[in-house]
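Structural description and commentary
Below are the chains, spelled out letter by letter.
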Amino acid sequence: MTSDLIPDNQLVQPLLTDLYQITMAYAYWKAGKVNDHAVFDLFFRKNPFGGEFTIFAGLEQCIKFLASFRYTDSDINFLRNTLPQATDDEFFVFLKNLNAKDVTLYAIEEGSVVFPKVPLMRVEGPLILVQLVETTLLTLVNFASLMTTNATRFRMAAGDNISLLEFGLRRAQGPDGGLSASKYSYIGGFDGTSNVLAGKMFNIPVKGTHAHAFINSFSDFAELRTRIGNRVVLNAQDIFFGSQMLQRCDSSESEDLLLKSIEYRNIIAPDMNCMVDQASDGELTALISFAVAFPHNFVALIDTYDVSRSGLLNFCAVALALNDLGYRAMGIRIDSGDLAYLSKVSRHWFTHIATKFKIPWFANLTIVASNDINEEIIWSLNDQNHKINCFGIGTNLVTCAKQPALGCVYKLVELNGIPRIKLSQDVQKITMPGRKNVYRLYGSDGYALCDLLQRSNEPPPNVMTKVLCRHPFNQQKRAFATPSRVESLLKMYWQGGNVCMPFNEWSSLEAIREKVKSSLKTLRQDHKRYLNPTPYKVSVSDNLYSFINDLWLQNAPIGDLS
Ligand SMILES: Nc1ncnc2c1ncn2[C@@H]1O[C@H](COP(=O)(O)OP(=O)(O)OP(=O)(O)O)[C@@H](O)[C@H]1O
Ligand SMILES: O=P(O)(O)OC[C@H]1O[C@H](OP(=O)(O)OP(=O)(O)O)[C@H](O)[C@@H]1O
Ligand SMILES: O=C(O)c1cccnc1
Ligand SMILES: [Mg+2]
């Protein structure tokens, strides 16, 4: 059994489950079902966020969970005290010896675009064990897939040329929600996170600016003080030794960033239709302090007082002063107000200054926008022709506020080789019985045509050969497809206690992130569009259609008319 496959989160362990898995395990055990062999499918029924696609994520963590599945002595003690006293002691011996060696896991590649009713995973093995892992597998897949899908939607709204930063930790559903959100946002196409632990654990670029508190914490120039030896420089007359001094980029000479910034502020204020006495000196002091600390990475939050009257002017003054010392400022962040309008105003003055002072790069300074941004707001900002280069997104991304859960379920489809069907008044909820394979059929243009579910004993569809694709429950809905390419989606990832697919090749964040991109490219634009996207077809073979419908008729009781 592979032992170095440890889940990201120590909480991912066999007791992270619902009690009913353990009570069922006991009842199965009592009923002599120890050697029963089951097949479960893990799938969802509806795409999230009003969309017509989902990204499958969480597989790598599921495999790590299986690899490390073992009850500890303290787990067993806890269960002994939790189950009724009359529970047979032998059961605990049985539990103590359980591991996932006899489980076989088939799955779709992590990062793939997936659709309702398609098994994302097929879990086969001893009934008791594959039942016991239900809840943990679901919790690992549901949020990961929802989060990744959400991130891809933000990416699609923003387009490829905008930087996306995840700023959500403070608003996330607790520490693990926050950490998972950072990880799966990156997988879904974000460029970085403000979450430092996520950076350390997953090697995601960590990025950020500063908070309003930093700006608010300064009120006038005299605060630009520092220690010289043991002496704290506090007085205005000592200002030239203060912390506004910055060494030039190209020499050891230091210059006074405050004086230079004040000079530039006086020069550019009339151009920018500003009055110097309306601009905040505290804000300028704060920006100088930040610039001295980070002269190569100077980003300024400019909306603390007034973007147009104060923040933008102060930023430009400091950026010009920095430029004199050989440094290029990076840009600004705007966190309130009309983000489209303010980005245009900012870009306008950046361009103006670039021309006036002959520093072309100034026109391309980064404009970061934040403040409760969601997908719709990004689409609307696009319509307004915003000039933003980077969105910092927290709450709506990490909490998946538009839809807080993906409804993945885990259903028994076969026991000891005999198919099982779960009936429901709601046709959507009827399970597709039996062990199945899934094929993605591609058209000659390279786009996916449909997914086809077949019984696992059927031969795969052939390239350039007409195949009948049927709606699983509606006899009238069917179509022929002649695929140019056929991809078998379910691959074996875990068997005999070992990972089967070369783990390092597919399981790195970068590999999964690339898979998300390449997989989404195979989906036609009309399936991905924001408004009223076209549903993607998930169909069944003729053979599976008859199989499902026969079993349905066999199992559905015939009612009485009375
Ligand atoms: N041009 C725009 N078009 C569409 N939505 C925008 C635009 N500019 C800002 N928004 C969004 O409108 C909402 C404004 O929210 P709200 O009124 O609470 O913020 P605010 O008053 O500007 O800032 P705060 O209350 O934080 O000072 C935010 O979700 C923001 O992302
Ligand atoms: O808006 P979100 O998408 O959640 O992004 C994260 C937010 O967190 C920060 O401030 P915070 O919201 O804590 O305070 P503020 O809104 O009062 O600035 C930041 O300024 C963003 O506004
Ligand atoms: O770095 C930032 O600007 C940041 C980080 C977290 C939340 N809001 C903003
Ligand atoms: Mg906010």
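For the structure itself, look to the data block above.
Description of the structure in this document.

Conventions and cut-offs
- Residues numbered from 1 in each chain as written.
- Chains lettered and ligands numbered in written order.
- Predicted model: local features only at pLDDT ≥ 70, side-chain atom pairs only at ≥ 80, totals over all residues.
- Heavy atoms only, no water.
- Core = buried A, V, L, I, M, F, W, Y, C linked by side-chain atoms within 4.5 Å.
- Buried < 20%, exposed > 50% of the residue type's maximum accessible area, 1.4 Å probe, protein only.
- Domains from an automatic or database assignment.
- Contact = heavy atoms within 4.5 Å.
- Phe/Tyr/Trp six-rings, centres within 6.5 Å; stacked < 30°, edge-to-face > 60°.
- Helix = DSSP H or I, 4+ residues; strand = E, 2+ residues; numbered from the N terminus.
- Near = heavy atom within 4 Å.
- Polar contact = N/O pair within 3.5 Å; in protein donor to acceptor, adjacent residues only side chain to side chain.
- Areas by Shrake-Rupley, 256 points an atom, 1.4 Å probe, with all protein chains shown as cover.
- Pairing = 2+ DSSP bridges.
- Axes fitted to C-alpha atoms, helices over the stretch in contact; angles between N-to-C directions.
- Parallel < 35°, antiparallel > 145°, perpendicular 65-115°, else oblique.
- Nonpolar A, V, L, I, M, F, W, Y, C, P; charged D, E, K, R; others polar.

Overview of the nonpolar core
One recurring pattern in soluble globular proteins: nonpolar side chains tend to sit buried together. Counting residues in each nonpolar core, the largest one holds 167 residues, and the members touching the most others are Leu95, Met121, Phe298, Phe315, Phe362 and Phe391. Formed jointly, this core draws a minimum of three residues from each of two domains, domain 1 (3-149 + 407-433 + 489-527) and domain 2 (213-374). The residues touching Met121, leaving out its near neighbours within four places in the chain, are Phe40, Asp41, Leu42, Phe56, Leu59, Cys62, Leu105, Tyr106, Ala107 and Val141. Listed in part, the seven residues of the second largest apolar core include Tyr439, Leu441, Leu452 and Ala481.

Things to note about the packing of aromatic side chains
Overall, the coordinates contain 22 aromatic pairs when judged by the stated rule. Plain terms: the ring middles of Phe115 and Tyr536 are 3.8 Å apart, the flat faces sit at 15 degrees to each other, and that makes the pair stacked. In this pair, Phe115 is assigned in the loop between β4 (113-114) and β5 (121-126) and Tyr536 in the loop between α18 (525-528) and β25 (537-540), connecting sequence segments 421 residues apart. Assigned by exposure class, Phe115 and Tyr536 land together as buried. Consider the rings of Trp361 and Phe362, whose centres lie 5.5 Å apart with planes at 40 degrees: the pair is tilted. Judged on exposure class, the residue Trp361 and its partner Phe362 are both buried.

Some points on the site of ligand 2
With respect to spatial proximity, the complete set of residues near ligand 2 consists of Phe167, Arg170, Arg171, His212, Arg333, Asp335, Asn371, Asp372, Ile373, Ile393, Gly394 and Thr395. A distance of 2.9 Å separates an oxygen atom of ligand 2 from a polar atom in the side chain of Arg333. The contact in question runs from an oxygen atom of ligand 2 to an N or O atom on the side chain of Thr395, over 2.5 Å. Summarising the interface, the protein chains cover 74% of the accessible area of ligand 2, which totals 460 Å² for the free molecule.

Quick look at the sheet that holds strand β6 (residues 163-166)
With respect to topology, six strands assemble into an open sheet ordered β7-β6-β15-β14-β13-β12, the strand pairing being parallel. With one partner strand each, in any of the chains shown, β7 (192-193) and β12 (299-301) form the two edges of the open sheet. As paired elements, strand β13 (residues 331-334) and strand β14 (residues 366-369) share four bridges and run parallel to each other. Across the sheet, the residue bridging to Ile332 is Ile367, located in β14.

Quick word on the packing of helix α7 (residues 174-187) against helix α17 (residues 509-521)
Relative orientation of the contacting elements α7 and α17 amounts to 50 degrees, with a least axis distance of 8 Å. The angle between α7 and α17 falls in the class oblique. Between α7, through Lys183, Tyr186 and Ile187, and α17, the contact on the second element is made entirely by Leu509, Glu510, Ile512, Arg513 and Val516. The residue makeup of the contact of α7 with α17, split by class, is five nonpolar, no polar and three charged.

Considering the site of ligand 1
In the vicinity of ligand 1, the residues found are Ser336, Gly337, Asp338, Leu339, Ala340, Asn371, Asp372, Ile373, Ile377, Ser380, Leu381 and Gln384. One of the side-chain nitrogen or oxygen atoms of Asp338 is found 2.8 Å away from a nitrogen atom of ligand 1. Starting from 640 Å² of accessible surface for ligand 1 in isolation, the protein chains cover 54%. The dominant element in the shell around ligand 1, judged by the number of residues it contributes, is helix α14 (residues 375-383), at three residues. Tallied by class, residues from the shell around ligand 1 come to five nonpolar, five polar and two charged.

Overview of the environment of Phe202
Inspection of the secondary structure puts Phe202 in helix α8 (residues 196-202). Here Phe202 falls in the buried class, since its relative accessible area comes to 12%. Along the chain, Phe202 and Leu509 lie 307 residues apart, while their C-alpha atoms are 7.4 Å from each other. Setting aside its immediate chain neighbours within four residues, Phe202 contacts Asp8, Leu179, Lys183 and Leu509.

Take it as geometry only, folks, not as evidence of what the structure does.
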